[in-house]
Amino acid sequence: MRTIKKVAVLGSGVMGSRIACHFANIGLQVLLLDIVPMDLKEEDSKNPAKRNSLVNAALQAALKSNPSPIYKASFASRIKTGNFDDNLVEIKECDWVIEAIVERLDIKQQLFEKVEQYRKLGTLITSNTSGIPINMLIQGRSDDFKKYFCGTHFFNPPRYLRLFEIIPSAYTDKEVIQFFEYYADKFLGKTPVLCKDTPAFIANRVGVFSMAAIFKLQLEMGLSVSDIDGLTGTLIGKPKSATFRTADVVGLDTLIKVAKGVYEYCPNDLARDTFRVPAYVLKMEENKWLGDKTGQGFYKKAVIDGKKVILELDLNTLEYKASEKTKFASVGEAKMVDSLRTRLKILAKGKDKAAEFLNKLNYSIFDYVSHRVPEISDELFRIDDAMKAGFGWDIGPFEHWDILGVESVLTLMKEGGHQPAAWVEEMLTLGNTSFYKIEHGIQYYYDIPSKSYKVVSGKESFIILDYKRGETPIFKNTGCTVHDIGDGVLCVEFRTKMNTIGGEVLEGINKAIDIAEAEGWKGVVLGNNAPNFSAGANLAIVLMQAIEQEWDELNFAVRHFQNTVMRLRYSSIPVVAAPHGLTLGGGCEMSMHTDACMAAAETYIGLVEVGVGVIPGGGGSKEFALRLSDSFGAEDTWIPKLSERFTTIATAKTATSAYEAFDIGIFDHNKDFVVVNPDRAISAAKEKVLELYNAGYTKPVMREDILVLGRTGLAALYAGIASFQVGRYASAHDALISKKLAYVLCGGDLSEPTRVSEQYLLDLEREAFLSLCGEKKTLERMQSVLTSGKPLRN
Ligand code: NAD
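In what follows, the accompanying structure is described. Computed from a predicted model, the values in this text were never measured in an experiment.

## Some words on the nonpolar core
Note that soluble globular proteins tend to have their nonpolar side chains buried in a common cluster. Among the nonpolar cores identified, the biggest contains 116 residues, and L10, F298, F357, W423 and F435 are the most heavily contacted of them. Tallying contributions element by element places helix α9 (residues 203–221) first for this core, with 10 residues. Among residues more than four places away in sequence, those in contact with F435 are L380, F398, W401, D402, V406, W423, V424, M427, Y444, Y445, Y446 and Y453. Of all hydrophobic cores here, the second largest spans 82 residues; its members include V482, F533, A546 and V610.

Below, the structure is given as structure tokens:
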């Protein structure tokens, strides 16, 4: 198998600079090249800094952009910049050369001609083109170039969007395709989707169709911009930015370009007319209302009566106006429900204009995708994969159709004048009622040529808990499910809203450990396939008990949480967590106490309790004190180290990637690891359990040797807190919380540095937590987060 150590990225624009950052993210050496500025003065023509000014400025702009393209600022040092005239020769040292320059066939071809002069034979060479046919890009190139060339299409932003379309030409070697499928999944953390060399490939073809279909329906049904965004966003499992907000972010010009391209190059597309851009969109383009890049598009920011407001475009008058959202009965009913599947079914049965709009839209998309197989892909699942990974849809169109019922929807579609591809009817006639089915935890898709179900490839080694729903779980309550994930390993899946941790989740964890210990299971994984590992402890319960002043119950609940967290470490079986996405408060405390974490690179983890007016009370403060003690070297380092760790909790610092979490003391290099592909995190955690078990795991011994600094530490921290308060960087309540935190981290009011036990610190942390719950300002903070989702500074 090939190995990739060094990559050249040609072009440092929006995509090139960010692709370079993502390569740096995964530890590669990167050569990032762009043109020498065309307007260079004679006196600057030999100055390397001036010759590289374009690429350097582009890289700096990318690094400063939000959201950040880089896991950790220091990783940018892996990127070396240069220009095509002086540094193209260095591509001979690279294992992969990816082109991401301006979308023009002639310019790309000219660059490839130069690349041929320096590229080592056998080196991978690819293009990030969004739409230029791959077969045109290789015209005039050598056999070796053609053999190792294909399209590799990252989506913007490359760090965050998971889609990686692979587009072979007629000449691409099979080994190259297989390699990219493997490499994209394992190393780049992407969802590789094999495409054909058809206009706009898969995701943009279907994504822009969907948008164009909405433009068309808008004309027909006259719904407003905000009404359509309300209907086509999170309500139906699409991104929050829905349709028009997404158009503003992407840029109307880009969408028009793709739509025009499909219209021009797909004369036989039966739905070609849908890609004809409506007059109002063309007028917007003429007015340069392209979206965020020109300051206005379907939405526009304005100041009215001194207040910042967002106006929307009235598509009839092309004037901006205040948004007025229509209330639809079907939407109101659907919004009451958490489950996307149920919501979609409710909406499909609705009788109002919103339901009519969504049904018409769904039928157009279902019809369209049915005709795209085998034109753009031989396998239907690739269309779903592309839409999920590239456009952030929670479910793909075929999955959506399955949820609504293939046969009943087909009848309705025909009644509405649609004629989906004949294979759908044939599939039903053969007794196959859905596009997908799941058997024994494995997903199968309907394969049209063989008229039978085949395993969805590429996911064989993932553990997808949703596919286990048909099996009888080891244990289940309303908050979590304990699954048998094979080879003697259990997995506790949190199933609450935002995966918050309450009594049921704690019960599930304890049950899983009890069962594992009693029945000889090899270990336990804490993992789930939801977008976030856990938003923390269930705050609503804490708030309720605090308001009711049920101190005994609250004390019991916090102690139970602490005991459960301690069991994660001090049980006779290994427990490994697979954190990902938001892993906050209690979720972070749990992760810190496991024997190992196999964390997704995109893990946003932190102890954020001060935001709700308390300190970490589920073992987090104790664990920070313990780790601090283990890090103490010479005595003069104690106070600086204490201050640094104190600040992490006191400012509710959250890591913006798993790599950053090591720097702020939450992940530990001795036990925790990063898994770039989040889909692999649970199976990696299972492997880790087996590794620990096979190495002869024994129950660790509880610590009684934690060095805390007592008054010496308190003096330093209290002085810092006071100066922050005087400088008005901290409110009186911030100062109170900080002092309580300082007290726990220093082991209390001890006259000298002393060694204490974990339980001693747990008791201190619990006491501090409870006393803060008695503060009015803490309750106000909790209330604010629960009602508005926003932290309150009081
Ligand atoms: P961009 O305009 O931001 O950057 C283009 C780069 O090409 C610039 O760095 C520019 O200096 C360089 N360039 C210009 N003229 C050149 C020349 N004559 N020779 C060599 N280089 C030249 O473009 P982008 O958005 O980064 O797109 C780059 C590629 O990625 C295109 O093929 C595009 O279709 C594709 N793509 C873009 C997006 C996106 O959302 N922007 C998404 C996926 C794929």
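## With respect to helix α16 (residues 353–372)
With 20 residues, α16 extends 29 Å between its outermost C-alpha atoms, agreeing within 8% with the 28 Å of an ideal straight helix rising 1.5 Å per residue. Summarising burial for α16: 16 of the 20 residues are buried, a large majority.

## Observations regarding the site of the ligand
Within the structure, the ligand sits among 20 residues, and M15, D34, E103, K108 and S130 are positioned closest to it. At 3.1 Å, a backbone N or O of V102 approaches an oxygen atom of the ligand. Burial of the ligand by the surrounding chains reaches 73%, relative to a free accessible area of 840 Å². If you list the elements that add at least two residues to the shell around the ligand, you get α1 (14–25), α5 (105–118) and β6 (149–154).

## Let's talk about the packing of aromatic side chains
Under the criterion given, the structure shown has 36 aromatic pairs. Aromatic side chains F23 and F154 sit 6.0 Å apart centroid to centroid with 85 degrees between the ring planes, which places their arrangement in the edge-to-face category. Separated by 131 residues along the polypeptide, F23 in helix α1 and F154 in strand β6 bring together distant segments of the chain. Given the relative accessible area of 0%, F23 is considered buried. Through a chain of ring-to-ring contacts, three or more aromatic side chains come together here, namely F23, W96, F154, F164, F179, F180, Y182, Y183 and F187. Between R78 and the ring centre of F75, over which it is positioned, the NZ or CZ distance is 3.9 Å. One residue, R372, lies across the ring of Y368, its end atom 4.3 Å from the ring centre.

Conventions used here
Residues numbered from 1 in each chain as written. Predicted model: local features only at pLDDT ≥ 70, side-chain atom pairs only at ≥ 80, totals over all residues. Heavy atoms only, no water. Core = buried A, V, L, I, M, F, W, Y, C linked by side-chain atoms within 4.5 Å. Buried < 20%, exposed > 50% of the residue type's maximum accessible area, 1.4 Å probe, protein only. Helix = DSSP H or I, 4+ residues; strand = E, 2+ residues; numbered from the N terminus. Contact = heavy atoms within 4.5 Å. Expected span 1.5 Å × (residues − 1). Near = heavy atom within 4 Å. Polar contact = N/O pair within 3.5 Å; in protein donor to acceptor, adjacent residues only side chain to side chain. Areas by Shrake-Rupley, 256 points an atom, 1.4 Å probe, with all protein chains shown as cover. Phe/Tyr/Trp six-rings, centres within 6.5 Å; stacked < 30°, edge-to-face > 60°. Lys NZ or Arg CZ within 6 Å of the ring centre and 35° of its normal.

Just distances and angles here, no functional claims.
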